[in-house]
Amino acid sequence: MSTPSVTSAAPVSDLTRVLHLPGPFALESGEALPDVQIAYRTWGRLNAARSNVVVVCHALTGSADVDDWWPGLVGPGATIDTERWFVVCSNVLGGCYGSSGPFSYRTDGKRFGLGFPQINIRDMVGAQRLLLDHLGVTYIQAVVGPSLGGMQALEWAVTDARVGGLIAVGTSAQHSAWCIGISESQRAAIAADPAWEGGLYTDDRRPQAGLAAARMMAMVSYRSWSNFDHRFGREAGDQHDYSVASYLQYQGRKLVGRFDAASYYRLTQAMDNHDLGRGRGGSTRSVLARISCPSLVVSVNSDVLYPPREQAFIADAIANSRYEILDSEHGHDGFLIDVEPLYEMIRSFLTDAQQAKQRATA
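Residues numbered from 1 in each chain as written. Predicted model: local features only at pLDDT ≥ 70, side-chain atom pairs only at ≥ 80, totals over all residues. Heavy atoms only, no water.

Enquirer: What exactly am I supposed to notice about helix H8 (residues 261-272) here?
Expert: Three or four residues apart is the spacing at which side chains of an α-helix point the same way, because the helix has 3.6 residues per turn. If you check H8, its first and last C-alpha atoms are 17 Å apart, about what 12 residues at 1.5 Å a residue would give, namely 16 Å. By the criterion of burial, H8 is predominantly enclosed, with 12 of the 12 residues buried. Considered for burial, the residues of H8 that qualify are Ala261, Ala262, Ser263, Tyr264, Tyr265, Arg266, Leu267, Thr268, Gln269, Ala270, Met271 and Asp272. Contacts made by the buried residues of H8 are with helix H2 (121-134), helix H3 (148-159), helix H4 (177-191), helix H5 (208-222) and helix H7 (243-256). Residue aspartate 260 occupies the N-cap position of H8, its side-chain oxygen lying 3.3 Å from the main-chain nitrogen of alanine 262. (Helix = DSSP H or I, 4+ residues; strand = E, 2+ residues; numbered from the N terminus. Expected span 1.5 Å × (residues − 1). Buried < 20%, exposed > 50% of the residue type's maximum accessible area, 1.4 Å probe, protein only. Contact = heavy atoms within 4.5 Å. Polar contact = N/O pair within 3.5 Å; in protein donor to acceptor, adjacent residues only side chain to side chain.)

Enquirer: Any chance you could explain the pairing of strand E10 (residues 166-169) here in plain terms?
Expert: When a strand is regular, its side chains alternate between the sheet's two faces. Across the two faces of E10 the burial is the same, with Leu166 and Ala168 and Ile167 and Val169 all buried. For the segment spanning strand E9 (residues 140-146), H3 and E10, crossover handedness is right-handed. The sheet contact formed by E10 and strand E11 (residues 295-300) spans four bridges and is parallel. Note that in E11 the partner of valine 169 across the bridge is valine 298. (Right-handed = clockwise from strand over helix to strand, strands pointing away. Pairing = 2+ DSSP bridges.)

Enquirer: Got a minute to help me understand the sheet that holds strand E5 (residues 53-56) in this structure?
Expert: Neighbouring strands of a sheet are bound in pairs by backbone hydrogen bonds; such pairs are parallel or else antiparallel. The eight strands lie next to each other as E1-E4-E8-E5-E9-E10-E11-E12, forming an open sheet whose pairing is mixed. This sheet does not close on itself; its edge strands, each paired only once, are strand E1 (17-20) and strand E12 (321-326). Direction aside, the axes of adjacent strands within the sheet are offset by 20 degrees on average. Both E1 and strand E4 (residues 37-43) contribute to a ladder of four bridges, which runs antiparallel. In the strand pairing of E4, valine 18 is matched with alanine 39. Against the sheet, H2 engages E1, E4, E5 and strand E8 (86-90), with an angle of about 145 degrees to E8. Seen against the sheet, helix H12 (residues 339-361) touches E9, E10, E11 and E12 and runs at an angle of roughly 170 degrees to E12. (Axes fitted to C-alpha atoms, helices over the stretch in contact; angles between N-to-C directions.)

Enquirer: Just to check I follow, could you spell out the layout of surface pockets for this structure?
Expert: Once rolled over the atoms, a probe with the size of a water molecule shows which space is left empty. Looking at the largest pocket, its volume works out to about 860 Å³. Forming the boundary of the largest pocket are 39 residues, of which Thr61, Trp69, Arg215, Arg258 and Leu336 lie nearest the centre. Looking at the lining of the largest pocket, the elements that each hand over two or more residues are helix H1 (66-69), H4, H5, H7, H8 and helix H11 (334-337). In terms of residue count, the dominant contributor to the lining of the largest pocket is H5 (five residues). For the lining of the largest pocket, the per-class residue count stands at 21 nonpolar, 11 polar and seven charged. (1 Å grid on protein atoms, 1.4 Å probe; cavity = no way out; pocket = protein on both sides within 12 Å on 5 of 7 lines; lining within 4 Å. Points joined across faces, edges and corners; volume = space filled by probe spheres on them. Nonpolar A, V, L, I, M, F, W, Y, C, P; charged D, E, K, R; others polar.)

Enquirer: Explain the side chain of threonine 79 here, please?
Expert: Along the chain, the position of threonine 79 falls in the loop between strand E6 (74-75) and strand E7 (80-81). Apart from residues lying up to four places away in sequence, threonine 79 is in contact with Gly72, Leu73, Tyr343, Ile346, Arg347 and Leu350.

This is how it looks when you write it as structure tokens:
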């Protein structure tokens, strides 16, 4: 375990730590990754029993800095109160904020790029599990995640008996044809950039235009018709572009400044591969039904990327579940924007789950 310097596409907190996994890390595909490192942050103090743990999993372009992308969720007196809980958030395997991925360096001093193998959600959670083992965690009060983070949270709940609670927001139990189609279009935009070079580009010539175009596509799917109509309408913006066009161009440039194209490519492939039921001797629904811990499943009512029917399916399949709907016109990104009602749902769930655990062990 060490502190930065961290190989990252953008600055990360000085409080980031790095765990170097011992030996090769076996992927579900059968390949193995040597010298894997996992970048992570913690908040609060681990109790003597090492059981006061909440794991937060981030979305596609997130990092271990949950206090940055979900401000107000974690801290003293916050929704996830660090005077009570020990919080862990790690950058996913395949990410570009300190964990091993396409942005990492090979032994020859060049970046992996698409030489980094395809991974999936199960691989991400497997690496996180080794981190929690390293920390000596005996019980996890809840695993919390939105979008890609929700996929990880579901995988945790299916595969690890230490998980005592699940909070999945704006996610699915298997990636839909709709989402796969959107992801494939984004990858095609990245690959069409002349600088892509088959995913083996160099730092001095990166596929910025392709990644920016992919982000613009993503932003349309992250919002809603009514949000764009109310916010932009048909107003003209800079240089006579429509305001919505200027906004999307800005979002594209912004991501290029903080993310890696090959990492984006591999992570969207991992999301497309997501299916809790795959290879587990039953349907996706029957595998969800194996989750016995208290579960909070949250939809954003205007989400067109992961529509509420997908979260309703998850909640209906889990016997001990609570289903909530976040009222937001902001689409999928509502979980990042209309946070106060969401935080209240999470706070209430954690309180009830802890009380239920105390009654069960009394």
